[in-house]
Amino acid sequence: MSFTDKSLQCADCGVTFTFTAEEQEFHQSKGFTNEPRRCQSCRQARKTQRNSFGSGGSRYDRQMFPAVCAECGIDTQVPFEPREDRPVYCSSCYNKTKGNSRW
Ligand SMILES: [Zn+2]
Ligand SMILES: [Zn+2]
């Protein structure tokens, strides 16, 4: 059984990458029948992403909640769930409060 390098297109970024004979052989030895759908860097990116999600959440894609600023009344978004008993500030008011209180 011999393999030849193959050109595949990445399902994520659309770049053409080479599925080398070596990789094909490795794939087959592992019993995989599907060709890889993503290029090296996208696979790497997904792996990293999954790892950071698994271990305590990432800082990048956190959920934002709609809120109304208690100071100036504009609609804003906060990275935590707003509670009735706690005032929520937009980023500029938050920075103002931060400036002249305990922080
Ligand atoms: Zn890609
Ligand atoms: Zn405000």
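For the structure itself, look to the data block above.
For every chain, the first residue of its written sequence is number 1, and the numbers climb from 1 along that sequence. Whichever chain is written first is A, and whichever ligand is written first is 1; the rest continue in order. Only residues with pLDDT of 70 or above have their local features reported here, since the model is predicted, and side-chain atom pairs are shown and tallied only from 80 upward, although totals for entire chains, interfaces and linings are computed over all residues. Only heavy atoms go into the side-chain values, all of them from the structure, while hydrogens and water stay out.

Bringing the overall build of the chain into the picture now. What the chain contains, in helices and strands, is three helices and four strands. The order of helices and strands in the chain, counted from the N terminus, is β-β-α-α-β-β-α. Within the span of the chain, comprising 103 residues, buried residues form 18% of the whole. In the chain, 19% of the contacts between residues at least 6 apart in sequence involve partners at least 24 apart. Shrake-Rupley sampling with a 1.4 Å probe provides the accessible areas, and residues are treated as covered by the protein chains on show and by no other component. For the chain, the exposed area adds up to about 8,600 Å²; of that, 47% sits on carbon and sulfur atoms. Each helix is a run of DSSP H or I of at least 4 residues and each strand a run of E of at least 2, with the numbering of both proceeding from the N terminus. Partly exposed describes any residue whose relative accessible area lies between the buried limit of under 20% and the exposed limit of over 50%, with all areas from a 1.4 Å probe on protein chains only and scaled to the type maximum. Between two residues, a contact is recorded if the distance between any of their heavy atoms is within 4.5 Å.

The donor set comprises N, O and S atoms within 2.8 Å of the metal, extended to 3.2 Å for Na, K and Ca; water molecules are omitted, so apparent gaps in a site may simply reflect that omission. With distances of 2.3 Å, the protein atoms coordinating the zinc ion (ligand 2) are Cys-69 (SG), Cys-72 (SG), Cys-90 (SG) and Cys-93 (SG). Note on geometry labels: four donors, all angles 85 to 135 degrees, give tetrahedral; four donors become square planar and six octahedral when opposite donors are over 155 degrees apart and every other angle is between 65 and 115; remaining cases are irregular. Taken together, the four donor atoms coordinating the zinc ion (ligand 2) and their angles of 104 to 115° define a geometry best described as tetrahedral. Within one chain, the residues donating to the zinc ion (ligand 2) are spaced in sequence as C-x2-C-x17-C-x2-C. Here Cys-90 lies in the loop between β4 (75-78) and α3 (91-100) and Cys-69 lies in the loop between β3 (65-68) and β4, a separation of 21 residues in the sequence. You'll find Cys-69 and Cys-90 in the same group, each marked buried.

For the rest of this paragraph, the subject is the pattern of salt bridges. We count a salt bridge whenever a side-chain nitrogen from Lys or Arg sits within 4 Å of a carboxyl oxygen from Asp or Glu. Applying the stated rule across the entire model yields four salt bridges. Between Arg-46 and Asp-12 there is a salt bridge, and its shortest N-O distance comes to 3.3 Å. Linking Arg-46 in helix α2 (residues 40-54) with Asp-12 in the loop between β1 (6-9) and β2 (16-19), this pair joins segments that are 34 residues apart in sequence. According to the relative accessible area criterion, Arg-46 is partly exposed, its value standing at 34%. Among the charged side chains, a salt-bridge network with shared partners connects Asp-12, Arg-38 and Arg-46.

With burial as the criterion, only one face of β4 is covered, namely that bearing Thr-76 and Val-78; the residues Asp-75 and Gln-77 on the opposite face remain uncovered. The criterion for strand pairing is that DSSP finds at least two bridges linking the strands in question. Sheet topology note: the β3/β4 ladder contains four bridges and is antiparallel. Its bridge partner being in β4, Val-68 is matched across the sheet by Asp-75.

A few words on the nonpolar core. The set of buried Ala, Val, Leu, Ile, Met, Phe, Trp, Tyr and Cys residues whose side-chain atoms join them within 4.5 Å is what this entry labels a nonpolar core. In this structure, Leu-8, Cys-10, Phe-17, Phe-19, Cys-39 and Cys-42 together form the largest nonpolar core, which totals six residues. Not counting chain neighbours up to four residues away, the residues in contact with Leu-8 comprise Val-15, Thr-16, Phe-17, Phe-19, Glu-35 and Pro-36.

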